[in-house]
Amino acid sequence: MTTLIEAPPEDSDGLLPAKKKSSGGGLGQYILIRFLLIFPTILILVTMVFFLMRITGDPITAAMGGRLPPNQLQQRITAAGYDRPLIVQYFEYLGQLVTGNFGTTLSDNRKVTEMLTTYGSATLELSINALIVALLVGIPLGMLAAHRRDHVPDAVLRIFAILCYATPVFFAGLLLKLTFSVWLGWLPVAGRARTSTELALTSLEAPTGIYWLDSLRSGNMAALGDVTAHAVLPAVALGLLTAGIFLRLVRTNVIGTLGKDYVEAGRSRGVSEFRLVTKHAYKPALIPIITVMGLQIAVMLGGAVLTEKTFEWKGLGFQLATYLTARDYVAVQGIVVLLAVIVATTNFIVDVIAALIDPRVRY
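Residues numbered from 1 in each chain as written. Predicted model: local features only at pLDDT ≥ 70, side-chain atom pairs only at ≥ 80, totals over all residues. Heavy atoms only, no water.

## A word on the overall build of the protein chain
Definition in use: Think of it this way: any DSSP run of H or I at least four residues long counts as a helix, any run of E at least two long counts as a strand, and we number them from the N terminus. Throughout this description, buried means an accessible area under 20% of the type-specific maximum (1.4 Å probe, protein chains only), exposed means over 50%, and partly exposed covers the range between. Only heavy atoms matter for contacts: two residues are in contact if any of them lie within 4.5 Å across the pair. Only the protein chains shown count as cover for residues, and all accessible areas are computed by the Shrake-Rupley method using a 1.4 Å probe.
From N to C terminus, the protein chain includes 16 helices and 0 strands. Within the protein chain, buried positions represent 43% of all 363 residues. For the protein chain, restricting intrachain contacts to residue pairs at least 6 apart in sequence, the fraction spanning at least 24 positions comes to 72%. Only carbon and sulfur atoms are counted for the fraction: they give 66% of the accessible area of the protein chain, which is about 19,000 Å².

Put into structure tokens, the structure is as follows:
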């Protein structure tokens, strides 16, 4: 009797025969459909934000009401066109977005596009740092938990994962600040860098706004050390939120993969348990991580608002909270629209990567 062995995503160590090529292969069609879905997704989000912002009235009254005489307030409303029918304002707003015109903030009279460019790089830097922390913590610990399944390390790591994604990010940030900044004095308590470092980096020719990248470009190792020290606590506070989810996903999928026939075949041939976990069971477990990563970008951007306020990290989240307090709905709309574009685009990229890694995703 011939025993059929279930094939893993990749052959390795000569355990398996060559894979059969799948018929079809509609990768191009899959990518095209996913790309086209970006536009209705953004349109729905923009529409929801626009009408939800108008529930309390026009933006001028929301921002300036009570601070201007009624006649001056009405003049500003008329000049901005907010006294016209709402549907007319909506389509005009869509037309402005298509041309890249996000309007002008009401509280500080800045172009919204300029504000997004200035503060968007800070949020991007924080998100990259937090994602690195999430991957470095979640994946290795998830593999360890799977390897030590139903033993003490596994139980401890599962509790750790629950604490990571159940603890509010602002509370985790406060605990980190209290421990490592106030009590131990090891790391800065707030900000992106010292004032002297910020001046040096912003004075560079064509700065990216991502401080660690600008430090590397300029070869300023002192600035890089300062930027890294300021980035540790915010990145850990935000990264642990996602690390707990990654840990549970990796653990679950590695345990499932370890029960497959091809892993049992490798075990019967004397392949070490460590190699089975880190090579044969590890790669299939990454596919769900990549798929979920797109969703976690949205969670991370939401957590960035609280993280940036907690650590006074001057990014889009910090500015969003400031503009909400000032009831500057024009600025809030611009920030939310940009975040919607980032989330939709990120999900598209993640879908493409997942389809390239696992052809089954395309069907």
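Still more to cover.
## Considerations on helix H11 (residues 221-258)
Note the following rule: Helix span, expected: 1.5 Å multiplied by one less than the number of residues in the helix. Two axes enter the bend calculation: one fitted to the seven residues ending at the residue in question, the other to the seven starting there, and the bend is the angle between them. Polar contacts here mean pairs of N or O atoms no more than 3.5 Å apart (in protein, one a potential hydrogen donor and the other a potential acceptor; neighbouring residues in sequence count only if both atoms are side-chain atoms).
With 38 residues, H11 extends only 44 Å from end C-alpha to end C-alpha; this falls clearly short of the ideal 56 Å at 1.5 Å per step. At Leu-240, H11 shows its strongest bend, of approximately 35 degrees. Where H11 begins, the side chain of Asn-220 points an oxygen toward the backbone nitrogen of Ala-222, at a separation of 3.4 Å.

## Let's talk about helix H10 (residues 211-218)
To be explicit about the condition: To obtain the arc, one takes the directions from the helix axis to the C-beta atoms.
What H10 keeps buried is the set Tyr-211, Asp-214 and Ser-215. End-on, the buried residues of H10 take up no more than an arc of 105 degrees, which puts them together on one face. As for H10, its buried residues are in contact with helix H6 (112-147), helix H9 (195-202) and H11. The positive-phi residue at the C-terminal boundary of H10 is Gly-219, with phi of around 70 degrees.

## Some remarks on the packing of H10 against H11
Packed helices, taken two at a time, are described by their axes: the angle between them and the distance between them. Cut-off, in case you're wondering: A fitted line through C-alpha atoms serves as each axis, taken over the contacting stretch for helices, and the angle formed by two N-to-C directions is quoted from 0 to 180°. Our angle categories are set so that under 35 degrees counts as roughly parallel, over 145 as roughly antiparallel, 65 to 115 as roughly perpendicular, and the remainder as oblique. A crossing counts as left-handed when the near helix is turned anticlockwise from the far one by less than a right angle, and as right-handed when that turn is clockwise. Under this grouping Gly is polar, as are all residues other than the nonpolar Ala, Val, Leu, Ile, Met, Phe, Trp, Tyr, Cys and Pro and the charged Asp, Glu, Lys and Arg.
Where H10 contacts H11, the axes come no closer than 8 Å and their chain directions differ by 165 degrees. Classified by the angle between their axes, H10 and H11 sit roughly antiparallel to one another. The chirality of how H10 crosses H11 is left-handed. In this structure, H10 uses Tyr-211, Trp-212, Ser-215 and Leu-216 to contact H11, whose residues at the interface are Met-221, Ala-223, Leu-224 and Val-227. The residue makeup of the contact of H10 with H11, split by class, is 7 nonpolar, 1 polar and no charged.

## Focus: the pattern of salt bridges
Going by this rule: Basic side-chain nitrogens of Lys or Arg form a salt bridge, by our definition, when they fall within 4 Å of a carboxyl oxygen of Asp or Glu.
For the coordinates displayed, the defined rule picks out 8 salt bridges. Notably, a salt bridge pairs Glu-92 with Arg-84, separated by 2.6 Å at the nearest N-O pair. The residue Arg-110 makes a salt bridge to Glu-114 at a minimum N-O spacing of 3.6 Å.

## Here's the deal with unusual backbone geometry
Across residues other than glycine, the phi torsion is negative in most instances, and most of the peptide bonds are trans. Located in the positive-phi region is Asp-150, a residue other than glycine, with phi close to 65 degrees. Checked against the element boundaries, Asp-150 lands in the loop between H6 and helix H7 (152-166). Although it is not a glycine, Glu-312 adopts a positive phi angle of roughly 50 degrees. Its location among the elements puts Glu-312 in the loop between helix H14 (282-311) and helix H15 (316-326). The class of Glu-312 is partly exposed, set by a relative accessible area of 47%.

## A look at the packing of aromatic side chains
The test is simple: Between the rings of Phe, Tyr and Trp (Trp by its six-membered ring), a pair exists once the centres lie within 6.5 Å; its type follows the angle of the planes, with under 30 degrees stacked, over 60 edge-to-face, and the other angles tilted. To sit over a ring, a charge needs its Lys NZ or Arg CZ within 6 Å of the ring centre and within 35 degrees of the ring normal.
Counted by the stated rule, this structure contains 8 aromatic pairs. Taking 5.7 Å as the distance between ring centres and 65 degrees as the angle between the ring planes, the aromatic pair formed by Phe-35 and Phe-348 counts as edge-to-face. Placement of the pair is Phe-35 in helix H1 (residues 27-36) and Phe-348 in helix H16 (residues 329-357), with a sequence separation of 313 residues. What makes Phe-348 buried here is its relative accessible area of 16%. Among the aromatic residues, ring-to-ring pairing joins Phe-50, Phe-51, Tyr-90, Phe-91 and Tyr-93 into one connected group. Of note, Lys-177 hangs over the ring of Phe-311, and the distance from its end group to the ring centre comes to 5.7 Å. Here the guanidinium or amino end of Arg-192 rests over the ring plane of Tyr-211, the centre of that ring lying 3.7 Å away.

## Digging into a nonpolar patch on the surface
Convention followed: A residue counts toward a patch only above 30% relative accessible area and without a salt bridge, and it is joined to like-charged neighbours within 9 Å or, for Val, Leu, Ile, Met, Phe, Trp and Tyr, to nonpolar neighbours within 5 Å.
Nonpolar side chains collect at one region of the surface, where Ile-44, Leu-45, Met-48, Leu-52 and Ile-55 lie side by side and expose about 500 Å² of accessible area between them. Mapped onto the elements of the fold, Met-48 is located in helix H2 (residues 38-53).

## Regarding the side chain of Asp-154
Within the secondary structure layout, Asp-154 lies in helix H7. Those residues in contact with Asp-154 that lie beyond four places of it in its chain are Ala-145, Arg-148, Arg-149 and Arg-251.

## What about the environment of Phe-102?
Along the chain, Phe-102 falls in the loop between helix H5 (86-98) and H6. Residue Phe-102 is classed as buried on the basis of its relative accessible area of 18%. Placed 235 residues apart in sequence, Phe-102 and Val-337 show a C-alpha to C-alpha distance of 9.2 Å. Look past the residues within four positions of Phe-102 in its chain and what remains in contact with it is Leu-97, Val-112, Thr-113, Leu-116, Val-330, Gly-334 and Val-337.

Without other data, these values stay purely geometric and don't point to any function.
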